[in-house]
Amino acid sequence: MTHHNKAQNNQQHDANDLLDITAAVIPEKGADFEFQSLKIRPPQGDEVLVKIVATGMCHTDLSARDQYYPVPLPVVLGHEGAGIVQAIGDDVKDLEVGDHVILTYGYCGHCDQCYAGRQPYCAEFFERNFGGSDVDGSHVISDDDHKAMNDHFFSQSSFATLAISRENNAIKVPKEAPIELLGPLGCGIQTGAGGVINALQVTPGSSFVTWGAGSVGLSGLLAAKLCGAATIIAVDVVDSRLELAKELGATHVINSKDKDAVETVKDITGGGANFALESTGVPEILTQGIAALGSIGKIAVVGAPPLETPAEFDVNDLLINGKSIIGNVEGDIAPKKFVTDLVDLYLKGDFPFDKLVKYYDFDDINQAVKDSEDGTTLKPILKIADPES
């Protein structure tokens, strides 16, 4: 069957099959979220239909709203969904109705990088996560007039009461874990933690700096502590974030409004840091992060500015000191194993990422945006449904 015919067939469901949903929609660039009553079709093939209990809000949702990444508008965003499987397609093998799942990013599963366990670098990553439709051009969400809505954001579009994902990006978790908390593990938290554990491979006794103490940076800090880093430094401009960093295990904090962060890091570490994570997306901060590395130091870049944003560094500083700059998508991890490991660590008390979150009712999504943008809240989680209902 051709892609064109698939797309047509996917949009020709009997109206009686369609399910009612409420979704938060971005109608145009930079707009507030608007709630709309929409329809979603049943799952097909390897798809699962998930009742969204809660979903995290990530900087990437706001980057899409502002068109830093050219996601088609209007669109249903949301990509840190967690909930309960309601229905499954005929080709689903390992999930059942009633399973609790975290939804993560989309990947094809059959390109060279996916076969190598490097799913964040899937050949179809951009179209599966930012394309506004499935890879065949089809949609699962429509309005009352059967007009398709841009969806499939990170292969889920979870700012909605129901979402469809594929089985490969729906991660089963134990029912004793608090499902309303777990959504951010599917993107922001795994990005910070995976950047430290997988990309940087932080070693025991080493020094580590997080440039930015938001939810991604502090997830990296928690991971650095797990890895046994001896000197853990958080750099930010918000004192409340730095206080939380100390509570979570930072040995030193630097407010870069008050001190020269590069020189202070060098003083603390005796010449420069072994490892660093840059999560702000500000090119000047990346420049500082590279400068503050010691010999053979490594910095992983996870902060995402608008496309085609350049950054500067001293080539000879990089060359002579053997420094490494590592690009890093989604923590450089295979999500099904890594995310379930993070859940286990949380349940054992070794990864207290719950200290990073604040809950909001779904109706208060625009307040969550405001609080996220002004730094009041590190990681908003929108509560959409009662898991027991």
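One can find the structure itself at the top, above this paragraph.
Summarised in this report is the structure supplied together with it. (Residues numbered from 1 in each chain as written. Predicted model: local features only at pLDDT ≥ 70, side-chain atom pairs only at ≥ 80, totals over all residues. Heavy atoms only, no water.)

Quick look at the side chain of Asn-328
Here Asn-328 lies in the loop between strand E15 (324–327) and helix H12 (335–347). In terms of polar contacts, Asn-328 uses its side chain to reach the backbone amide nitrogen of Gly-331, at 3.2 Å. Non-local contacts of Asn-328, meaning those with residues more than four positions away in its chain, are made with Tyr-121, Thr-191, Gly-195, Ala-199, Ala-300, Val-301 and Val-302. (Helix = DSSP H or I, 4+ residues; strand = E, 2+ residues; numbered from the N terminus. Polar contact = N/O pair within 3.5 Å; in protein donor to acceptor, adjacent residues only side chain to side chain. Contact = heavy atoms within 4.5 Å.)

A look at unusual backbone geometry
Following Leu-73, the chain continues to Pro-74 via a peptide bond in cis, the omega torsion being -10 degrees. Structurally, Pro-74 can be placed in the loop between helix H2 (59–65) and strand E4 (75–76). Residue His-146 is not a glycine yet carries a positive backbone phi of 70 degrees. Its location among the elements puts His-146 in the loop between strand E7 (141–142) and strand E8 (162–166). Assessed through its relative accessible area of 54%, His-146 is described here as exposed. (Buried < 20%, exposed > 50% of the residue type's maximum accessible area, 1.4 Å probe, protein only.)

Re H12
Across its 13 residues, H12 extends 18 Å between first and last C-alpha, which sits within 8% of the 18 Å expected from 1.5 Å per residue. Buried residues along H12 sit in contact with strand E6 (100–103), strand E9 (170–173), helix H5 (179–182) and helix H6 (188–200). (Expected span 1.5 Å × (residues − 1).)

Side note on helix H10 (residues 283–291)
Those residues of H10 that sit buried are Ile-285, Leu-286, Gly-289 and Ile-290. For H10, the angular spread of buried residues about the axis comes to 140 degrees, placing them on one side. Lining the buried residues of H10 we find strand E10 (207–211), strand E13 (273–278), strand E14 (293–301), helix H11 (315–320) and E15. (Arc of directions from axis to C-beta.)

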